[in-house]
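Structural features, examined
These are the residues of each chain, in order.
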Amino acid sequence: MDILKINGGNKLTGEITLHGAKNSALPILSATILVKGVSVLHNCPKLKDVDETLSILEGLGCKVKREGSTVTVDATDVNSSKIDEKAMRSMRSSILFLGSLLSRCKEASIFLPGGCDIGARPIDIHINALKQLGAEITENGSSICCKADELKGTKIVLPFCSVGATENIIISSAISNGTTTIINPAREPEIVDLANFLNSCGADISGAGNSVIEIKGVKRLHSCNNYHSIIPDRILASTYMSACAITGGDIMLNNVKVSTLTPVFPVFSEMGCKLYITDNTLRIKAPARLKKVRSIKTLPYPGFPTDSQSMVVAALSNAKGTSVVKENIFENRFRYVNELNRFGTDIEINDRIAIINGVDNLHSANVFATDLRGGAALVIAALKAEGESTISSIEHIDRGYESIENNLALLGADIKRIKNEEGFTEEKFTKAKS
């Protein structure tokens, strides 16, 4: 496995272009199965999770081609409704194939999905929704089998605004008999992007991004008109913003969908950062040292995103004063803090609340990424720390960041990816400490 080596202390300066949103690309790629034809997706990031999804599509009989950031999926000849266990366990979003295969093939056989261990993400809400649409579902340990000769539109009230369940309902209802109404859906920008893609293929979806979504089922979908461009990654933007903030930098982000970032702007302004915004660019200029933030609470969109929480906590670890962050979405989201504290941060966790006592300096450390966003937080701390730090288990980071070392190097960071020749593993490191 590769590791990252980072010599901290450099201010980030310059400009960089955001790649497409991981959380938008994955459901859209799953939805291409509904199209008996060709789907062309621009601004599709080259990430571990995206590569895994493309492999699943190929295993189902799709023809897949990537040219730079453009991915073409020809789903004319889908010849399987089953996904093997290894592929399913590689990522959480694989559950979205349940709806697309059920709609296209009238049946689906999958295993329980994997992904980062950041807390309970039950799929019962997905299962119940598909049952309401007319699916017959049987579960056997770790496998799920669904069948439905026809999916029929209905009203579905979600007990909480689950992003994945909302996406699965939209995908499975696009080709159906009647109208499906989702009450209390997730409102994330990625939901809107999925609806826009399906509408470009002939679906009839309205209300995405609002409190009620209506899907009028159609008989078939066609190849998308010209192409669909995946929206810029708002979590990637908040990651670069956090890295800039902790290093006292000044950077310009290009290809920004500004409206999707409004939930994080007040936090960075309270830190003392200056934000200069145009239609599709964002410049962030950080002070020499950040200010504390009184309180942050993660909430479903349009609240502060849980996916941005760890990176902001890393930045606040060097702020002047004490900040408080409450995690309301995932109970294990603070798993990374034990590793972050190896840099000399002073962060206390009480249930789902982090008390971040800002310290004057961070020192280098050898750490392990516990999950995708927690890994990004460690990178941010290492950019500020004095000396050389090593980050292992970066396969987690690769799930959501395209060549993070190259992009940060463009902004002046001293960072490189190397082979783990010393054979560091989390198990060996834990034994060495004991």
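In short, a report on the structure. These figures come from a predicted structure and were not determined experimentally. (Residues numbered from 1 in each chain as written. Predicted model: local features only at pLDDT ≥ 70, side-chain atom pairs only at ≥ 80, totals over all residues. Heavy atoms only, no water.)

**As for the sheet that holds strand 7 (residues 136–140)**
Taking strand neighbours across the sheet as the criterion, the 3 strands line up as 6-8-7 in an open arrangement whose pairing is antiparallel. Edge strands, defined here as strands with exactly one partner in the open sheet, are strand 6 (107–111) and strand 7. For this sheet the average axis-to-axis angle between neighbouring strands, irrespective of direction, equals 10°. Both strand 7 and strand 8 (residues 143–147) contribute to a ladder of 5 bridges, which runs antiparallel. (Pairing = 2+ DSSP bridges. Helix = DSSP H or I, 4+ residues; strand = E, 2+ residues; numbered from the N terminus. Axes fitted to C-alpha atoms, helices over the stretch in contact; angles between N-to-C directions.)

**Digging into helix 6 (residues 163–174)**
Taking 1.5 Å of rise per residue, the 12 residues of helix 6 would be expected to cover 16 Å, and the 17 Å separating its terminal C-alpha atoms lies within 8% of that figure. Burial runs high along helix 6: 11 of the 12 residues are buried. Within the span of helix 6, buried status applies to G164, A165, T166, E167, N168, I169, I170, I171, S172, S173 and A174. You can read the cap of helix 6 off the contacts: a side-chain oxygen lies 3.1 Å from the backbone nitrogen of A165, and it is on S162. (Expected span 1.5 Å × (residues − 1). Buried < 20%, exposed > 50% of the residue type's maximum accessible area, 1.4 Å probe, protein only. Polar contact = N/O pair within 3.5 Å; in protein donor to acceptor, adjacent residues only side chain to side chain.)

**Points about the pattern of salt bridges**
Two side chains of opposite charge can pair, provided their charged atoms sit close to one another. Inspection of the entire model under this criterion finds 14 salt bridges. The shortest N-O distance in the salt bridge between R333 and D307 comes to 2.5 Å. Residue R333 is found in the loop between strand 18 (322–326) and helix 11 (337–340), and its partner D307 is found in helix 10 (residues 306–316); the two are separated by 26 residues along the sequence. Classification of R333 by relative accessible area gives buried; the value is 3%. Its salt-bridge partner being R352, residue E331 comes within 3.7 Å of it at the nearest N-O pair. You can see E331 sitting in the loop between strand 18 and helix 11 and its partner R352 sitting in the loop between strand 19 (346–350) and strand 20 (353–357), a full 21 residues away along the chain. Shared partners join several salt bridges into a network, and the residues in it are D2, D398, E405, R417 and K419. (Salt bridge = Lys/Arg side-chain N within 4 Å of Asp/Glu carboxyl O.)

**Some details on the sheet that holds strand 3 (residues 38–42)**
Paired through backbone hydrogen bonds, the strands of a sheet run either parallel or antiparallel to each other. With mixed pairing, the 4 strands of this open sheet are ordered in space as 4-5-3-13. Each having just a single partner strand, strand 4 (63–67) and strand 13 (228–229) make up the two edges of the open sheet. In terms of strand pairing, strand 3 meets strand 13 through 2 bridges, oriented parallel. Directly across from H42, in strand 13, lies its bridge partner S229. Contacts from helix 2 (residues 48–59) reach strand 4 and strand 5 (70–74) within the one sheet, and its direction differs from that of strand 4 by about 150°. (Contact = heavy atoms within 4.5 Å.)

**Some remarks on the environment of R234**
Tracing the backbone shows R234 in helix 8 (residues 234–247). What makes R234 buried here is its relative accessible area of 9%. C-alpha separation for the pair R234 and A382, spaced 148 residues apart in sequence, amounts to 22 Å. Sequence-distant contacts of R234, defined by excluding residues within four places in its chain, comprise E188, P189, E190, T260, L261, Y301 and P305.

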